[in-house]
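Fold and contact review
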2 protein chains.
Amino acid sequence: VERELQSVVSGSGGGASVNREAFRQTVFNTLERRLFFIPSFKIYRGVAGLYDYGPPGCAVKSNVLAFWRQHFVLEEDMLEVDCPCVTPEAVLKASGHVEKFTDLMVKDEKMGTCYRADHLLKDFGNEKLEKDLSLSAEKAAELRHLLAVLDDLSAEELGAKIKEYGITAPDTKNPLSDPYPFNLMFQTSIGPSGLIPGYMRPETAQGIFVNFKDLYYYNGNKLPFAAAQIGQAFRNEISPRQGLLRVREFTLAEIEHFVDPQDKSHAKFSEVANLEFLMFPREEQMSGKSAKRIPLGEAVSKGIVNNETLGYFIGRVYLFLTCLGIDKERLRFRQHLANEMAHYAADCWDAEIECSYGWIECVGIADRSAYDLHAHTEKSGVALVAQEKFSEPREVEKLVIAPVKKELGLAFKGSQKNVVEALEAMNEKEAMEMKAALESKGEVEFYVCTLGKNVCIKKNMLLISKEKKKEHQRVFTPSVIEPSFGIGRIIYCLYEHSFYTRPSKAGDEQLNVFRFPPLVAPIKCTVFPLVQNQQYEEVAKVISKLLKVAGISHKIDITGTSIGKRYARTDELGVPFAITVDSTSSVTIRERDSKDQIRVSLDEAASVIKAVTDGQTKWEDVWSSYPHHSSESADD
Amino acid sequence: VERELQSVVSGSGGGASVNREAFRQTVFNTLERRLFFIPSFKIYRGVAGLYDYGPPGCAVKSNVLAFWRQHFVLEEDMLEVDCPCVTPEAVLKASGHVEKFTDLMVKDEKMGTCYRADHLLKDFGNEKLEKDLSLSAEKAAELRHLLAVLDDLSAEELGAKIKEYGITAPDTKNPLSDPYPFNLMFQTSIGPSGLIPGYMRPETAQGIFVNFKDLYYYNGNKLPFAAAQIGQAFRNEISPRQGLLRVREFTLAEIEHFVDPQDKSHAKFSEVANLEFLMFPREEQMSGKSAKRIPLGEAVSKGIVNNETLGYFIGRVYLFLTCLGIDKERLRFRQHLANEMAHYAADCWDAEIECSYGWIECVGIADRSAYDLHAHTEKSGVALVAQEKFSEPREVEKLVIAPVKKELGLAFKGSQKNVVEALEAMNEKEAMEMKAALESKGEVEFYVCTLGKNVCIKKNMLLISKEKKKEHQRVFTPSVIEPSFGIGRIIYCLYEHSFYTRPSKAGDEQLNVFRFPPLVAPIKCTVFPLVQNQQYEEVAKVISKLLKVAGISHKIDITGTSIGKRYARTDELGVPFAITVDSTSSVTIRERDSKDQIRVSLDEAASVIKAVTDGQTKWEDVWSSYPHHSSESADD
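Residues numbered from 1 in each chain as written. Chains lettered and ligands numbered in written order. Predicted model: local features only at pLDDT ≥ 70, side-chain atom pairs only at ≥ 80, totals over all residues. Heavy atoms only, no water.

The name recorded for chain A in an unreviewed UniProt entry is glycine--tRNA ligase, from Citrus x changshan-huyou. The UniProt entry for chain A carries this comment under Subunit (unreviewed entry): "Homodimer." (UniProt positions renumbered as here; feature names shortened; annotations may be inferred.)

As structure tokens, then:
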């Protein structure tokens, strides 16, 4: 890595951050020049946080999503669904997004410009720490602590800090408002009346949760099963930064794996148990240690990872990312600290990938317990539950609260209903205490919250008992384990991990290369007639037809440019193989990274390319079974 | 077709429309029960016009889109892009959507309920024509005419008709407001300030147009080329009807093929010229004739279809739809009438598919001339143009208007700039008229619109001449030919065209079947152990593994249900092949529609399935090369 950074930055400007910036800029410029991405609506001066995938970027994205479908949906027999982006308010109220999906914002009090409160403090702190040479050790420690806990601060605390440090609007130096929450969902209105509020979904997961009942039925009323969805999600960021990493619209791929909370084992866990990679458990983070290599089986058996199913998905995510070409050394699984996790979550791990912006969360893998299905059950009134049928009935002891309605009616008249509901709502402990009190004293004071007062309950008004019952099934709310993939972030990190430069043959310039594996490469193969000549062009067309039939994406380049320049052009797009037509009977195939070339007959060219691009064969095997070709002229 | 409709509707209730309704209901119920679709947010009582694709529907959609990419993007070397749904207002103002993407709406004056004005008139007209037996021939003709021209009526005309017929709100009989335009775009706001209006895109095309300059460059500054995009589009329908056909969010697949307006030939037209299918030219529609079979080559050479490129895409769309399984007899290409086309369009053809709702537009194929690029050039100030470099310079005669600034300055002082601009803006005809007038009269009255008045132009104030110039290139705005696919509509029509029923073996019930081709089928193959037995289940698992490696989507069904019931269950999902494990050495493969079975060895099962599902082999060939299997027990 460092070597690559160095090769990009000529003259070490000053420390790693300058190198990182320069590396990022080189990658970014290459990506933009070759249309991997395009700032959206560029001719209208664009919109912050919106980017298009240009042709090669779009092909990379298609390849990543196709592999995701193969690796997760097909191999794990998941139920894939496809729900709309437009979502009515009720759904997002139940999920908590209407209330809590917010960032804290401050406004320039004169100009109205908006800033994220935490960003201002972060920038202030970092700048002070970097540039203020007069900063006392004590003050520096205080700032470092502030930066570490920034995510946990309330609006009031952030506001107090902004005041304390005298932070003003960055562009105008005007005073700032107090921080207040801004909801990050794009709001809209459904239908012509203007009366039905809706939002563009901030995640795809809710579409799966609300369909739980149907999907469970579709799966033969059996657990565990997983549903999956790929689709657009939207976050109206206050001030998008970090280029392609923090955007206002992005593609998510999410899995919701439903399990019995009493049994989170996974039938295929043994297939991933021996994997060993960088993990960063809570304890290591708290004690200031760094990530370490732990075999996944050990992490689960020692309880570092909460359960087998969560562990299984961590392993599958590791395989997915590394198959795409993410560098194993710059990928770690970091466990959420207690204060990062929602109160209901059992455990949560992020797949973080290191890039020039630091360690970036690209996949979240969370055991969300029964929270989501509970929330929708409660708000919709539809029970999102599973049943376990017992092979033979089981005897269970059940609390029975039987109000004597006649007595209650006489005593409470119009309020009878409220009293009955409150009595029936007692939990086992409360009921057993009341039973004891009634037996000893004959009556008891009882608070009815819907009446807002105490009433007097007498012994003849209800029967409390424990009865043995035979149950034929257990009804419960499943837990959900959710791996959620930010596809754009994964692709951006992949770009950085795949990028390197190497000197041109003449040594006068640095050439850019993306070392995408064939699985990901936007184009699998280029076809070059060595010189402009009708015979060679005819041969190129024949090969192109064979490649088309084999379903291999490719490009013919018949421009008169030197073959070396044409190779450089496709290396910069990450095209793994090039077929060069230099005779009418045989051609050469060049591999991008080694620049090695073999000679194959015309008829074989397409099938060799097919074998090395769809993973049947490795280049090394092809290299050892065909004659090598070396040509001075072929690679200037 | 009729036979199938009949087989669904027991007892002919009264005419084709009842049959169609019953057929649609049967298909719809099957689709909903098997989760091909799910009304979105169902547990919250749903939202009109929003539907989810459930697991089999989602798989069908994936297959259709993968084939679209193969058939169009890969085979035609198109540049695929992927742009955001959130779109700033400037883009949609330039495209005309902010002003014109509206439907006319009326409101129940007391309740506020909204209706589409044309729908109310349509319902009124149809009901009158169907049920009012006292209707005079004259009145009936008037209503028929109204229904025919409904789309062309202005707000005022629709309002007058609603008044004339005394139409009131359908639910309450309250009076209705005058019709007024309602914009069908979902509006939102970008960023936290609330000051940047945005919309959810109503089509994907604009994302391509605004990127024309970059894409043209990416294509080596050569025409013709095509860009393509698959993505979500949004229309906030006033009152969605027609079930899955008219929805508020849908997937579009659009192609923008850019050509030189002076040369709309297509290099591959000969490949489709011999296709012959139902076409419904403007002339046939106007003269009350019906669609007719015309060879595509003839349609182009006779000028029925405007140009070769448009014709080429019509042919490719025909091949696309029929490969998916759309019935050739219920597919026609209908030319837009003059009043249906935008003023700028050169020609426009819709691929219409007949289903229970009538003939439905599923693909629009329009020659939009240079309209879109012109509009964005004008509004953005960025020239979206192409250049044709001449191999040698060409001599052209050019108008030259040379104002004599000194004289103009003396005469007009502060207004000089306005006058000069107006003079320079004259077209050739105006300029040559002025030249003649100045030569004969010495001066001439000239209207300057930016001043709002006439000024007197004298002979010494400007020189008008025609000069011969050498030009090295021609700069022009390309024309665009746009095939635009409503993916959801195509899929719905495919469901109807693929659905049929057949009696169960016992003859006591009708079984549902979707005859999807393997290309489209949501699952390619099911694996059934004939009876519940560990040995057979092991064999099923081995086959499943082989299928997984071959990338074939499949399902194992180990329930104890009779094999006949299990076949019926998968026929209803359109699964084309079933492997039944009835021994540990060989298995049977059953084809869905013929119900024919062959016997193959265990090792061959997966490869036979692969060959017949990926199109290498046809079932007929497999049928003739393997031993047949007939089993009474296997198909009850």
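What follows deals with the overall build of chain A. In terms of regular secondary structure, chain A is built from 22 helices and 28 strands. A principal-axis box enclosing the C-alpha atoms of chain A has dimensions of 105 × 70 × 55 Å. Out of the 636 residues in chain A, the part that is buried amounts to 53%. A total of about 28,700 Å² of accessible surface is found on chain A, and carbon and sulfur atoms cover 50% of it. Distance from the positive charge centre (79 side chains) to the negative charge centre (90 side chains) of chain A: 3 Å. (Helix = DSSP H or I, 4+ residues; strand = E, 2+ residues; numbered from the N terminus. Buried < 20%, exposed > 50% of the residue type's maximum accessible area, 1.4 Å probe, protein only. Areas by Shrake-Rupley, 256 points an atom, 1.4 Å probe, with all protein chains shown as cover. Lys, Arg positive; Asp, Glu negative; His and termini not counted. Charge placed at Lys NZ, Arg CZ, Asp CG, Glu CD.)

Placing chain B over chain A gives an RMSD of 0.2 Å and needs a rotation angle of 180 degrees, together with 0.0 Å of translation along the axis. In symmetry terms, the pair is related by a two-fold rotation axis. When C-alpha distances to the rotation axis are compared across chain B, the minimum falls at Thr188(B), with a value of 2.6 Å. Interface overlap between copies is the fraction of interface residues in one copy that are interface residues in the other; for chain B against chain A it reaches 100%, indicating a shared surface. (Least-squares fit on C-alpha atoms with pLDDT ≥ 70 in both. Contact = heavy atoms within 4.5 Å.)

Counting residues in each nonpolar core, the largest one holds 139 residues, and the members touching the most others are Trp68(A), Phe320(A), Leu321(A), Phe333(A) and Phe485(A). If near-sequence neighbours (up to four positions away) are discounted, Phe485(A) is found in contact with Trp68(A), Phe72(A), Thr251(A), Leu252(A), Ala253(A), Ile255(A), Val317(A), Phe320(A), Cys362(A), Val363(A) and Ile490(A). Counting 71 residues, the second largest nonpolar core, distinct from the first, contains Phe72(B), Leu245(B), Tyr318(B) and Val575(B). (Core = buried A, V, L, I, M, F, W, Y, C linked by side-chain atoms within 4.5 Å.)

Quick look at the interface of chain B and chain A now. Of the residues lining the interface, 74 residues belong to chain B; the matching set on chain A comes to 74 residues. For the chain B and chain A pair, buried surface summed over both sides reaches about 6,300 Å², with 64% attributable to carbon and sulfur atoms. The salt bridge partner of Asp82(B) is Lys61(A), with a shortest N-O separation of 2.4 Å. In this structure, the connection of chain B to chain A is made through 24 residue pairs in polar contact (both at pLDDT 80 or more). In terms of residues, the side of chain B that touches chain A owes the most to one element, helix H3 (residues 55-74) of chain B, which gives eight residues. (Buried area = accessible area lost by both parts, 1.4 Å probe. Salt bridge = Lys/Arg side-chain N within 4 Å of Asp/Glu carboxyl O. Polar contact = N/O pair within 3.5 Å; in protein donor to acceptor, adjacent residues only side chain to side chain.)

Time to look at the pattern of salt bridges. For the structure on display, the rule yields 85 salt bridges over all chains. Across the pair Asp214(B) and Lys42(A) runs a salt bridge, and its minimum N-O distance is 2.7 Å. Of the two residues, Asp214(B) is situated in helix H10 (residues 212-218) and Lys42(A) in the loop between strand S1 (37-39) and strand S2 (51-53); the pairing between them involves two chains. A relative accessible area of 16% places Asp214(B) in the buried class. Lys128(B) is the partner of Asp132(B) in a salt bridge, and the nearest nitrogen-oxygen pair spans 3.1 Å. The exposure class assigned to Lys128(B) is partly exposed, which follows from its relative accessible area of 27%. Look at the salt bridges and you will find they share partners, linking Asp103(A), Arg116(A), Asp118(A), Glu237(A) and Arg246(A) into a network.

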